[in-house]
Amino acid sequence: MPLARSLSVTSLSGLEEWDEEFDLEDAVLFEIAWEVANKVGGIYTVIQTKARLTSDEWGENYFLVGPYVESNVRTQVELIEPTNPALKRTIDKMNSSGCKVYFGRWLIEGSPYVILIDVAFTAWSLDRWKSELWEFCDIGVPWFDREANDAVLFGFLTAWLLGEVSVHIDPPPHIVAHFHEWLAGLGLILCRQRQLPVATIFTTHATLLGRYLCAGNVDFYNKLTDNLYSKKQWIMCSFNLDKEAGDRQIYHRYCLERSAAHCAHVFTTVSQITAIEAEYLLKRKPDIITPNGLNVKKFSAMHEFQNLHAQSKNRIQEFIRGHFYGHLDFNLDKCLFLFIAGRYEFSNKGADIFLEALARLNYLLRVNHSDVTVVAFFIMPARTNNFNVETLKGQAVRKQLWDTAQTVKERFGKKLYESLLVGQLPDISKILDKEDLTIMKRAIFATQRQCQPPICTHNMLEDSGDPILNCVRRIGLFNSSADRVKIIFHPEFLSSTSPLLPMDYEEFVRGCHLGVFPSYYEPWGYTPAECTVMGIPSISTNLSGFGCFMEEHIADPSAYGIYILDRRFRGVDESCNQLTSFLFQFCKQSRRQRIIQRNRTERLSDLLDWRYLGRYYIAARHMALAKAFPDTYLYEPHEPTSASGFRYPRPASVPPSPSLSRHSSPRHSEAEDNDEDERYDEDLEAEKDRVNIRQPLTMPFKNKSPAVYGANGTGDGV
């Protein structure tokens, strides 16, 4: 059964047509990850949002394998008996041999089957399995690394499971096992070492050493002597990889990750920039790049997304009224909400450069006498012990003022009604009596505040050593009345049950005007992707997978509200100036310009939908089957051809002037809100965009770009 060649880096038109459809009836797919029904980071989102697409493709032959975490199982998994007799025999045999393996359905869209392994129950085997790992693979795992110990247990149990499945099913199926990240990678290594009849795929979402190097303020990307976007086959670098991993006490983890990458039949990663990183750090070039998608239907609001933005913005404004009580000397209708969210990695996530840019933006807004106020939210979980009393007091004062206003309004309305009934115009001095005035004066006095509005909404356990708070102290943004930029640090994930800001993350994002993610290390970047599908403009960088993907597929990303910050070829100060420029230009947009930009941003949703990006995972599985079972699936590589991928065109309404397109705000006219002649047909432009994106996307597996092959084409050996 012939298999066409691999696909290009991330070209949406980068897949060949298969000469024949693969017959999946005698194939079984196991997708193995530590984050199956166990939310730790972004891999959870990848697997959860992709589950429905994969379930539709594989049906009853798709199984997710992860760790058994009781607190998660109670709320996310329905435990049932295995429906497949052979799989039931496999699980029963493992349970009778001293394991605890559970079977059920994950209660997410697609309802995929899950096999959950209790690694703690088999901890008695840890020393024996560590000895085997050292004997067969020369990888030693120290006793104090609990995460690596879990990886050893999970890896051996996963390999045991796959081995039993290959024995108990008759006739033996063609098994595809897809392993995500180093925590699951040992299972792949053992499958190859034991020569199990399994087609293996290994996906790294971020390299261990790359994350550690970037977090340690190492100029990682500039030490890669190869140009990031060149076509060279090999990358040279000045790092001593073994030494760097050893210095950070992660050498054993690095060995597991690198071995899994080399043992896999197919090695994939999530973005072009991570592919370059993996090629150097792991010494194998990815066979296929599998960009992360989203279930766009979940976020889809059709024409309602502008209304949802207004509703969520009103809820954020209510929080602002309470937080800044006594200092609410700015117009909320001219207030812009910016935010950064994610794992608390101060430098990797770009919080450092964002704060510096906010200080410079504050200066520009003040010297230009702007009436715009910017409120920047930092949503990054840190160690806290409770809510800040002053923050809670602010919300209590706001609620008290609201109740007072409602009381006076009811009394005023009743007296006004009585006056009109007798045919008299109301006498204001009689309708508002002394008691009403006293109530209102007491309410006003209650809003007096002797201190500045707090920066942090919680009590930090390590206030003096917190990077964000220390940076705020250095730049001097303390939410004073003179500042046009205000900062709110919310060191906890958002929740609709919070007494402070009762909104979930999706609602909060919809209510903001701009997401700012100037990351230095970001293999993909789900936060700007989520902003895009909700119609919220965002700033990312050319060092993030999302930013590189958008640069490749959109002729003028910033015209669609996707601002790409250059952190690869510019120094920190230059990048900070560019970010400040993006923010200042955004602040100068009119309300109508922002509405137009949100419409354009939302139209990019199809670029990020799993319906299109899921084809890269399909290609990876087909390639793995062809390499593992060449007698059944024939793999025919072709020579690369030169052609470029699809690029989303510039909006017709944006003028071609470089000076205007540089900051990519929609065309500005002082009279544009009133002059109908200057308005263009937004619906017509939207229809053109939909045609442009869907024409190439609905032509399945047409390749117009160079193929990407691994340095180790067969995936053999460590």
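Before any of the text, the structure's been laid out above.
Quick notes on the rules
- Residues numbered from 1 in each chain as written.
- Predicted model: local features only at pLDDT ≥ 70, side-chain atom pairs only at ≥ 80, totals over all residues.
- Heavy atoms only, no water.
- Helix = DSSP H or I, 4+ residues; strand = E, 2+ residues; numbered from the N terminus.
- Expected span 1.5 Å × (residues − 1).
- Buried < 20%, exposed > 50% of the residue type's maximum accessible area, 1.4 Å probe, protein only.
- Phe/Tyr/Trp six-rings, centres within 6.5 Å; stacked < 30°, edge-to-face > 60°.
- Pairing = 2+ DSSP bridges.
- Contact = heavy atoms within 4.5 Å.
- Axes fitted to C-alpha atoms, helices over the stretch in contact; angles between N-to-C directions.
- Salt bridge = Lys/Arg side-chain N within 4 Å of Asp/Glu carboxyl O.

1. Concerning helix 9 (residues 251–263)
- With 13 residues, helix 9 extends 18 Å between its outermost C-alpha atoms, agreeing within 8% with the 18 Å of an ideal straight helix rising 1.5 Å per residue.
- With eleven of 13 residues buried, helix 9 is to be regarded as a mostly interior element.
- Every buried residue belonging to helix 9 is among His252, Arg253, Tyr254, Cys255, Leu256, Glu257, Ser259, Ala260, Ala261, His262 and Cys263, and all of these are buried.

2. Looking at the packing of aromatic side chains
- Overall, the coordinates contain 27 aromatic pairs when judged by the stated rule.
- When the ring of tyrosine 221 is compared with that of tyrosine 520, the centres are 5.4 Å apart and the planes differ by 70°; the resulting orientation is edge-to-face. Here tyrosine 221, found in the loop between helix 7 (208–215) and helix 8 (241–247), pairs with tyrosine 520, found in the loop between strand 16 (514–516) and helix 19 (526–533); they are 299 residues apart in sequence, far enough to count as distant. An identical accessibility class is assigned to tyrosine 221 and tyrosine 520; each is buried.
- Feature note: the residues Phe319, Phe337, Phe339, Phe377, Tyr505, Phe508 and Phe517 constitute an aromatic cluster, connected by ring pairs.

3. Some remarks on the sheet that holds strand 4 (residues 77–79)
- Spatial ordering of the open sheet is given by 4-5-6-3-2-7-8-9-10, a layout of nine strands whose pairing is mixed. This sheet does not close on itself; its edge strands, each paired only once, are strand 4 and strand 10 (288–289).
- In terms of strand pairing, strand 9 (residues 266–269) meets strand 10 through two bridges, oriented parallel. What sits directly across from threonine 269, in strand 10, is isoleucine 289.
- Contacts from helix 6 (residues 181–193) reach strand 2 (27–32), strand 7 (174–180) and strand 8 (198–204) within the one sheet, and its direction differs from that of strand 8 by about 155°.

4. Some points on the pattern of salt bridges
- Tallied over the full model, the rule gives 37 salt bridges.
- Where arginine 474 meets glutamate 356, a salt bridge forms, and the shortest distance between an N and an O atom there is 3.2 Å. Separated by 118 residues along the polypeptide, arginine 474 in helix 17 (residues 467–475) and glutamate 356 in helix 13 (residues 351–367) bring together distant segments of the chain.
- For arginine 474, a relative accessible area of 58% gives the class exposed.
- Through salt bridges with shared partners, a single ionic network connects Glu356, Arg360, Arg474 and Asp573.

5. So, the sheet that holds strand 18 (residues 562–565)
- Strand order in this open sheet of six strands is 15-12-11-16-17-18, and the pairing throughout is parallel. The sheet terminates laterally at strand 15 (485–490) and strand 18, the two strands that pair on one side only. On average, adjacent strands in this sheet sit at an angle of 25° to one another, irrespective of strand direction.
- Summarising the sheet, strand 17 (residues 538–541) and strand 18 pair through four bridges and their orientation is parallel. Counted as the bridge partner of threonine 541 is leucine 565 from strand 18.

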